[in-house]
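Close look at the chain arrangement
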Amino acid sequence: EAQVTQNPRYLITVTGKKLTVTCSQNMNHEYMSWYRQDPGLGLRQIYYSMNVEVTDKGDVPEGYKVSRKEKRNFPLILESPSPNQTSLYFCASRIDRAYNYGYTFGSGTRLTVV
Amino acid sequence: EDKVVQSPLSLVVHEGDTVTLNCSYEVTNFRSLLWYKQEKKAPTFLFMLTSSGIEKKSGRLSSILDKKELFSILNITATQTGDSAIYLCAVLNSGYALNFGKGTSLLVTP
């Protein structure tokens, strides 16, 4: 089944403890992206990647890192999480070649930083 | 700066009603507009619109794009309680950014 898989689904952690949220897609998509969703603010892009070893900042990149060493994986790294990073996170992917395809989203990761 | 504005922010209707959700945008180098439905989990894709005036339809849902006036509408006829969700509009530009509106929260009551 074609899908984007995120792990974990839920995570509660303490301020300053490094964490990684994994994202993997099995559709051979070039383009992958991370979003966070907050009440009243909608979905905001954190980072995106156009292909292996090509990443760039989105609208709200502060406090996050990403890597794209393989086409299928795009982990989101929080080196020193803070409470303002408590949010619902989505990974998404799409084929890069054309503009006629929608994005496929992962199921989301609800992160709480205390 | 690219902007996507949805209205209304929230809507409560009775089962059987017809609703129209609005999305206006200001985007440099517009490529396409997408509608998503979000229930308790991830957004699920509804429509992608690239050409003006061509209605896309799926069951009771339909959508159309006006590239001259820079807006799109999503219509839902004969609403059901299962249509209760947040409906997200997003615009894709010639870069790689998908800019989302804040969404319209729809509640359909029995």
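Described in the following lines is the structure provided in the data block.

1. Some points on the overall build of chain A
The helix and strand inventory of chain A stands at zero helices and 11 strands. Computed over the C-alpha atoms, the radius of gyration of chain A is 13 Å, within 12% of the 13 Å expected from 2.2 N^0.38 for a compact globule of 114 residues. When the backbone C-alpha atoms are referred to their principal axes, chain A occupies close to 40 × 30 × 25 Å. The buried share of chain A, reckoned over its 114 residues, is 49%. Intrachain contacts of chain A at a sequence separation of at least 6 include 53% that bridge at least 24 residues. Just so you have it, chain A exposes about 5,500 Å², and 49% of that area is on carbon and sulfur atoms.

2. Overview of the packing of aromatic side chains
Overall, the coordinates contain 11 aromatic pairs over all chains when judged by the stated rule. Here B:Tyr25 and B:Phe30 contribute two aromatic rings whose centre-to-centre distance is 4.8 Å and whose plane-to-plane angle is 15 degrees, an arrangement assigned as stacked. Comparing B:Tyr25 with B:Phe30, the two get one shared label, buried. The rings of A:Tyr35, A:Phe90, A:Phe105, B:Tyr36, B:Phe45 and B:Phe100 are connected pair by pair, giving a single aromatic cluster. Positioned over the ring face of A:Tyr31 is A:Arg94, at 4.8 Å from the centre of the ring.

3. Thoughts on the pairing of strand S9 (residues 85–93) of chain B
Residues and elements named next belong to chain B. Burial within S9 is extensive, with eight of its nine residues counted as buried. Pairing analysis gives eight bridges linking strand S4 (residues 30–38) to S9, with the strands arranged antiparallel. Looking at the pairing, Lys37 lines up with Tyr87 of S9. Bridge count between S9 and strand S11 (residues 104–109): three bridges; the pairing is antiparallel. Bridge pairing in S11 places Tyr87 opposite Thr104.

4. A closer look at unusual backbone geometry
Trans peptide bonds make up the majority, and among non-glycine residues the majority have a negative phi. A:Pro8 follows A:Asn7 through a cis peptide bond whose omega is -5 degrees. Tracing the backbone through its elements, the reader meets A:Pro8 in the loop between strand S1 (4–7) and strand S2 (10–13). Cis geometry is adopted by the peptide bond preceding B:Pro8, which originates at B:Ser7 and carries an omega value of -10 degrees. Take B:Pro8: it is sitting in the loop between strand S1 (3–7) and strand S2 (10–14). Phi at A:Glu53 takes a positive value of approximately 65 degrees, unusual for a residue other than glycine. With respect to the helices and strands, A:Glu53 occurs in the loop between strand S5 (42–51) and strand S6 (54–57). Despite not being glycine, B:Leu70 shows a phi value in the positive range, around 60 degrees.

Reading the values: the criteria
Residues numbered from 1 in each chain as written. Chains lettered and ligands numbered in written order. Predicted model: local features only at pLDDT ≥ 70, side-chain atom pairs only at ≥ 80, totals over all residues. Heavy atoms only, no water. Helix = DSSP H or I, 4+ residues; strand = E, 2+ residues; numbered from the N terminus. Rg over C-alpha atoms; globule rule 2.2 N^0.38 Å. Buried < 20%, exposed > 50% of the residue type's maximum accessible area, 1.4 Å probe, protein only. Contact = heavy atoms within 4.5 Å. Areas by Shrake-Rupley, 256 points an atom, 1.4 Å probe, with all protein chains shown as cover. Phe/Tyr/Trp six-rings, centres within 6.5 Å; stacked < 30°, edge-to-face > 60°. Lys NZ or Arg CZ within 6 Å of the ring centre and 35° of its normal. Pairing = 2+ DSSP bridges.

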